[in-house]
Amino acid sequence: MKDSTKTPVVLVACGSFSPVTYLHLRMFEMAKDYIRHNTEFEIVGAYLSPVSDMYKKPGLLNSRHRVNMCNLAAEDSGNWLMVDPWEAFQSYQRTAIVLDHFDYEVNTVLGGVQTEEGEHRPVHVMLLAGSDLISTMSEPGVWSYSDLDHILGRYGVFIIERAGSGMDQATDNLAKWRHNIYLINQLIQNDVSSTKVRLFLRRGLSVRYLLPNTVVDYIEQNGLYLDEAASSPATDKGKEPAKKEPPSQSSQPQPTPSGC
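Residues numbered from 1 in each chain as written. Predicted model: local features only at pLDDT ≥ 70, side-chain atom pairs only at ≥ 80, totals over all residues. Heavy atoms only, no water.

## Focus on the pairing of strand β2 (residues 41–50)
This is how it is decided: Accessible area is worked out with a 1.4 Å probe on protein chains only. A residue is then buried under 20% of its type maximum, exposed over 50%, and partly exposed in between. Think of it this way: any DSSP run of H or I at least four residues long counts as a helix, any run of E at least two long counts as a strand, and we number them from the N terminus. We call two strands paired when DSSP finds no fewer than two bridges between them. Look down the strands so they point away from you; if the path from the first strand over the helix to the second goes clockwise, the crossover is right-handed.
Burial within β2 is extensive, with nine of its 10 residues counted as buried. The pairing of strand β1 (residues 7–15) with β2 spans nine bridges and is parallel. Paired with Val12 across the bridge in β2 is Tyr47. Once you follow β1 into helix α1 (residues 22–38) and on to β2, the crossover reads as right-handed. With three bridges joining them, β2 and strand β3 (residues 81–83) adopt parallel strand pairing. Pairing of Ala46 across the sheet is with Leu81, part of β3.

## Description of the environment of Ser138
Filter applied, for reference: Polar contact criterion, stated in full: a pair of N or O atoms within 3.5 Å, where within protein one must be able to donate a hydrogen and the other to accept it, and residues adjacent in sequence count only if both atoms are side-chain atoms.
As for its position among the elements, Ser138 is in the loop between α4 (131–137) and α5 (145–155). A sequence separation of 36 residues divides Ser138 from Leu174, and the C-alpha atoms of the two residues are 6.2 Å apart. A distance of 2.9 Å separates a polar side-chain atom of Ser138 from the backbone oxygen of Ser135.

## A closer look at the packing of helix α2 (residues 63–75) against helix α8 (residues 213–222)
What counts, and what does not: Note on geometry: axes are C-alpha line fits, over the in-contact stretch for helices, and angles between N-to-C directions span 0 to 180 degrees. Oblique is the label for every angle not falling under 35 degrees (roughly parallel), over 145 degrees (roughly antiparallel), or within 65 to 115 degrees (roughly perpendicular). Residue contacts are counted whenever heavy atoms from the two residues lie within 4.5 Å of one another. Under this grouping Gly is polar, as are all residues other than the nonpolar Ala, Val, Leu, Ile, Met, Phe, Trp, Tyr, Cys and Pro and the charged Asp, Glu, Lys and Arg.
The interhelical angle for the contact between α2 and α8, taken along N-to-C directions, is 150°, at an axis separation of 8 Å. Compared by their axis directions, α2 and α8 come out roughly antiparallel. Contact residues: Arg64, His65, Asn68, Met69, Leu72 and Ala73 in α2; Thr214, Val215, Tyr218, Ile219 and Asn222 in α8. For the contact of α2 with α8, the class distribution of residues is six nonpolar, four polar and one charged.

## Looking at a nonpolar patch on the surface
Basically, it comes down to this: The patches described consist of residues with a relative accessible area above 30% and no salt bridge, like charges being joined within 9 Å and nonpolar side chains (Val, Leu, Ile, Met, Phe, Trp, Tyr) within 5 Å. Using a 1.4 Å probe, the Shrake-Rupley method yields the accessible areas, and only the shown protein chains count as cover for residues. For this document, the term salt bridge refers to a Lys or Arg side-chain nitrogen within 4 Å of an Asp or Glu carboxyl oxygen.
Together, Tyr104, Val109 and Leu110 line one region of the surface with nonpolar side chains, adding up to about 320 Å² of accessible area. Note that Val109 resides in helix α3 (residues 95–109).

## Here's the deal with the nonpolar core
The condition is simple: We call a set of buried Ala, Val, Leu, Ile, Met, Phe, Trp, Tyr and Cys residues a nonpolar core when their side-chain atoms join them within 4.5 Å.
If you look at the biggest cluster of nonpolar residues, it comprises 43 residues, and the most contacted ones within it are Leu11, Phe28, Met69 and Phe158. A total of seven residues in this core trace back to one element, the largest contributor, which is α1. Val98, Val125, Trp143 and Ile159 belong to the second largest nonpolar core, which has 31 residues in total.

Below you can see the structure in the form of structure tokens.
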């Protein structure tokens, strides 16, 4: 950590990443710019956390391929962006539990971060997601109150604007946690999605320059996404499209934070 006057933060993006796209990577860059110019945080790490295979979601490739593609994408991003495969190889884990996992690993196992003066400091873990996620959080019955309070109250979230998702109205319904919700506008609109990429691949269209070349090569070498049904294991258990759940049923699947 370079500036000891700031609060160290680790960003976590949970999602399907099937496949990971340049928009997923741009989310981290936009958050980095926003944090540097508008907050008292300093980023000390950032993670892609692919969801478990235990989701029923069209196009959800098995976790081994998704983790491999995320690793390839992260390699092109320098040392600051990493992949944590823990969630991918678990049974269904709620987003609140995933953030607890990162908090434990970063602060308890690794002991936080060390400043240039040699002081050990605890790291603040925060969720990074698209604005479609905050829309589902503001909709009654989709997320349990206890999970919302845990995610937004204890950790907080950086929300990247996405086409077609209104952020202001959604945050009005989450006023209790507004101090811990940071809204980031896209200065250059990008509506690339994994869903659109999979559609292109099934139609035999090029996806070059929508994803890192190493990811495109991996998809072609392994013949992935040629058939949507074939890429979705029968045992998957989907985080999205969003399924409404009674507030007391917090163990039910919730919308995927990546919105992909």
